[in-house]
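Descriptive structure summary
Residues per chain, in single letters:
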Amino acid sequence: MKICLAILLFALCAQAHPTDLITNTDGRKTTSLDGQWQVIVDPYESGYYNYRYQPSDNGYFKNAKPKSKSDLIEYDFDKSATLKVPGDWNTQSDQLFFYEGTVWYKKSFDYQRKADARLFVYFGAANYFADVYLNGEKLGQHEGGFTPFNFEITKLVRDTGNFLVVKVDNKRRRDAVPTLMTDWWNYGGLTREVMLIETSSTFVNDYLVQLKPGSRDRVSGWVRLAGEKLSQRITVRIPEAGVVKSFATDGNGLAAIDFNADLKLWSPESPKLYDVTIEAETDRVRDQIGFRSIETRGTDILLNGRPVFLRGVCIHEEAPLRGGRAYSREDAVTLLGWAKELGANFVRLAHYPHNEFMIREADRMGILVWSEIPVYWTIEWENPATLENARNQLSEVIARDKNRAAVVIWSVANETPLSDARLSFLRNLITHARQLDPTRLLSAAMERHYLDNKTQMIDDPLGEFLDVLGCNEYVGWYDGLPEKADGLEWKSKYQKPLVMSEFGGDALFNHHGDSLTRWTEEYQENIYQHQISMLKRIPFLRGAAPWILMDFRSPRRPLPGIQDYWNRKGLVSDRGEKKKAFYIMQRWYRELKKSQH
Ligand code: GCU
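Note that the structure is a prediction, hence the values are computed from the model and not measured. (Residues numbered from 1 in each chain as written. Predicted model: local features only at pLDDT ≥ 70, side-chain atom pairs only at ≥ 80, totals over all residues. Heavy atoms only, no water.)

1. Description of the site of the ligand
In the neighbourhood of the ligand, 14 residues make up the surrounding shell, with Asp183, Tyr376, Glu415, Tyr478 and Lys569 lying closest. Taking tyrosine 478, its side chain carries an N or O atom lying 2.5 Å from an oxygen atom of the ligand. Take arginine 557: an N or O atom from its side chain is 3.0 Å from an oxygen atom of the ligand. Bound to the protein, the ligand loses 97% of the 320 Å² it would expose on its own. (Near = heavy atom within 4 Å. Polar contact = N/O pair within 3.5 Å; in protein donor to acceptor, adjacent residues only side chain to side chain. Areas by Shrake-Rupley, 256 points an atom, 1.4 Å probe, with all protein chains shown as cover.)

2. Thoughts on the packing of aromatic side chains
Each aromatic ring pair is characterised by the separation of its centres together with the angle its planes make. Taken as a whole, this structure holds 32 aromatic pairs when the rule is applied. Summarising the aromatic geometry, the rings of tyrosine 75 and phenylalanine 77 are spaced 6.0 Å apart at their centres and angled 80° between planes, so their arrangement reads as edge-to-face. For phenylalanine 77, a relative accessible area of 0% corresponds to the buried category. Among the aromatic residues, ring-to-ring pairing joins Tyr60, Phe61, Tyr75, Phe77, Trp104 and Tyr133 into one connected group. Of note, lysine 272 hangs over the ring of tyrosine 274, and the distance from its end group to the ring centre comes to 4.8 Å. (Phe/Tyr/Trp six-rings, centres within 6.5 Å; stacked < 30°, edge-to-face > 60°. Buried < 20%, exposed > 50% of the residue type's maximum accessible area, 1.4 Å probe, protein only. Lys NZ or Arg CZ within 6 Å of the ring centre and 35° of its normal.)

3. Some points on the sheet that holds strand β19 (residues 300-303)
Overall, antiparallel pairing links the 3 strands, which are arranged β18-β19-β20 in an open sheet. At either margin of the open sheet sits one strand with a lone partner, and together these are β18 (294-297) and β20 (306-307). Alignment of β19 against β20, held across 2 bridges, turns out to be antiparallel. Residue pairing in the sheet places leucine 303 in a bridge with arginine 306 of β20. (Pairing = 2+ DSSP bridges. Helix = DSSP H or I, 4+ residues; strand = E, 2+ residues; numbered from the N terminus.)

4. A word on the pairing of strand β2 (residues 35-41)
Looking at chain direction, β2 and strand β3 (residues 82-85) are connected through 4 bridges and run antiparallel. Bridge assignment links glutamine 36 to a residue of β3, and that residue is lysine 84. As defined by bridge partners, β2 adjoins strand β4 (residues 102-109) across 4 bridges and the pair is classed as antiparallel. Among the inter-strand pairings, isoleucine 40 is bridged to a residue of β4, identified as tryptophan 104.

5. So, the side chain of glutamine 531
With respect to the secondary-structure elements, glutamine 531 resides in helix α6 (residues 521-536). Of the residues examined, glutamine 531 reaches a relative accessible area of 1% and is grouped as buried. In this structure, glutamine 531 is in contact with Glu473, Val475, Ala485 and Phe503, ignoring residues within four places of it in sequence. (Contact = heavy atoms within 4.5 Å.)

6. Observations regarding the sheet that holds strand β1 (residues 29-32)
Read across the sheet, 4 strands follow the order β1-β10-β5-β8 without closing on themselves; strand pairing throughout is antiparallel. In the strand order of this sheet, the two ends are held by β1 and β8 (149-152), each with one partner. In this sheet, neighbouring strand axes are inclined to one another by 25° on average, regardless of whether the strands run parallel or antiparallel. As paired strands, strand β5 (residues 118-123) and strand β10 (residues 194-199) are joined by 6 bridges and run antiparallel to one another. Each residue of the ladder has a partner; that of leucine 119, found in β10, is glutamate 198. (Axes fitted to C-alpha atoms, helices over the stretch in contact; angles between N-to-C directions.)

7. Remarks on the state of the cysteines
Under the criterion given, the structure shown has 0 disulfides. Among the cysteines around cysteine 314, which has no disulfide bond, cysteine 471 carries the closest sulfur, lying 13 Å off. Residue class for cysteine 314 comes out buried when judged on its relative accessible area of 0%. Cysteine 471 gets classed as buried once you look at its relative accessible area, which sits at 0%. (Disulfide = S-S within 2.5 Å.)

8. Description of the packing of helix α2 (residues 329-342) against helix α7 (residues 580-596)
A packed helix pair is summarised by two numbers, namely the angle formed by the two axes and the spacing between the axes. As a packed pair, α2 and α7 sit with axes 8 Å apart at the nearest point and diverge in direction by 60°. If you check the angle between α2 and α7, you find them oblique. Of the residues in α7, those touching α2 at Trp338, Glu341 and Leu342 are Phe582, Met585, Gln586 and Tyr589. Partitioning the contact of α2 with α7 into residue classes produces 5 nonpolar, 1 polar and 1 charged. (Parallel < 35°, antiparallel > 145°, perpendicular 65-115°, else oblique. Nonpolar A, V, L, I, M, F, W, Y, C, P; charged D, E, K, R; others polar.)

9. Looking at helix α4 (residues 384-401)
In this model α4 runs 26 Å from its N-terminal to its C-terminal C-alpha over 18 residues, within 8% of the 26 Å that 1.5 Å per residue would give. Counting buried residues in α4 gives 13 out of 18 residues, a clear majority hidden from the surface. Between the side-chain oxygen at the start of α4 and the backbone nitrogen of alanine 385 there is a gap of 2.8 Å, and the oxygen is on asparagine 383. (Expected span 1.5 Å × (residues − 1).)

10. Regarding the environment of arginine 118
Examined against the element boundaries, arginine 118 turns out to sit in strand β5. Note on arginine 118: relative accessible area 14%, which makes it buried. For arginine 118 and phenylalanine 203, which are 85 residues apart along the polypeptide, the C-alpha to C-alpha distance reads 9.1 Å. A distance of 2.7 Å separates a polar atom in the side chain of arginine 118 from a polar atom in the side chain of glutamate 152. Polar contacts involving the side chain of arginine 118 include one to the main-chain carbonyl oxygen of serine 201, which spans 3.2 Å.

11. A few points about α7
For α7, with 17 residues, the first-to-last C-alpha span of 25 Å sits near the 24 Å given by 1.5 Å per residue. Looking only at α7, the buried set comprises Ala581, Phe582, Ile584, Met585, Gln586, Trp588, Tyr589 and Leu592. Check the buried side of α7 and you find it contacts β21 (310-315), α2, α6 and β31 (541-544).

12. Side note on the environment of alanine 581
Tracing the chain through its elements places alanine 581 in helix α7. Under the relative-accessibility criterion, alanine 581 is labelled buried at 0%. Between the C-alpha atoms of alanine 581 and glutamate 143, which are 438 residues apart in sequence, the distance is 38 Å. The contacts of alanine 581, once residues within four sequence positions are left out, are Gln524, Glu525, Tyr528 and Leu571.

Honestly, it's all geometry; don't read function into it.
Given below as structure tokens:
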């Protein structure tokens, strides 16, 4: 009963923003707005503020045109340059490579809406702050560069001559999430797909269809309708499992679902996905869902009741082979393909929610996922707006990915300094995540310290509130030379599983030398050899995720001829070339895989 209540509670929490959770577009009429958009680069935000730095009513969102030869209009989208959406602006134009500021996007479109249909404009993500307008009217705004959002445009859309204008600003701010300093490129723009989604007047707005925690044959969750006709019968069908179950929604359009089912469980070895349809009297959505249970017992992580070792690798959302923010299914298939080649059954998607293609490909390919929000390094812990922003990003990623079997861990932070303010901030996020999703594990890349020069200690107070401990360490790169790992022991205050969430070092592909010459493949290989023997000695280690699968851009890495604004800790270069250390990890993972069967 407690779990049903928790799950219903989530549905009620999610009620907070009834229309902004079109989580699944399968089975819905969608119209892509991807392609070339006209843009105006506006470093002084003169399209938003007047010369007194007050928001102007006559900004670029009006897409104004001179009505007579004497009219004064100082911008014209239709004569302006274009940028491709989805895509970051930094890698589309050399002038914008380092640009941080505002860019205005405009897309014109015609749309014949079915009489009683509702229409939404959906953004996969916009980095970082988006102000959205349709036909000169403000639809709303969104903060956070890595989660989806949408606005209803039913009443504003017209058959022809619509213009959607988005002000995207990727300026970094101290109070933002992430804050000023990160070790990844601040790619700006409409970085993921934009589409129009048409629904019936009362539609299936959101649902959770997963195994009840701890069970392997009981499905529980909820379905929520939005619109006028909220009291309806809804039917959940899983044809392959012979499931046809009907439930009634209450006056708020909410139905709890709970039923037995004989299901083939999802796992990396057999990533079984079922076609699931949810039918209401006025709407129908389809999805592909895997069913698996994930829990911990002491220092073990149990997948479907059996201990599992997370053979992982970290990945940034950097596009393979071309660079820039990755966004497509092809990008996901390439990156996860390399992870599979490495022998991974797990990926840590750092340090922010990656695009939905990545998550759905992980579902299909059978790769377990650690999903993280960008509470990274030194956030403004005591700023309530910063906390609300972080909570909102957590709500949005959980809303989007809660039906994905692949996602097993929500991570609320990376390398955040110890303080009471930090602990209460992160505890708030952990409680929020558990309320939103009682079915998954919570973790974070925590702090650790030397007890003496031979012992690493994990006693970060945050550990008490997590299910899985995460730790980043760079023994052999930032901390001594590779062989330092040989004498190191790891201790933990907690009887919990540890995932070593980062380790490794930089090497430029094809740069060779002896095993103690930095930046060479041999030095990186040397690090990994010593790391693996150290990791094997940690009794409570249940996962490893080297930093990182592929080299990625970072403004903090200028070393000419070696880094050139790339972090070179990849096991694979940005052009997909495998470095020597790749094969060291691959060999260990093959051993582990064999030993686990
Ligand atoms: C840190 C951090 C990463 C960073 C890495 C590095 O631990 O979490 O974001 O890129 O170390 O220094 O390469």
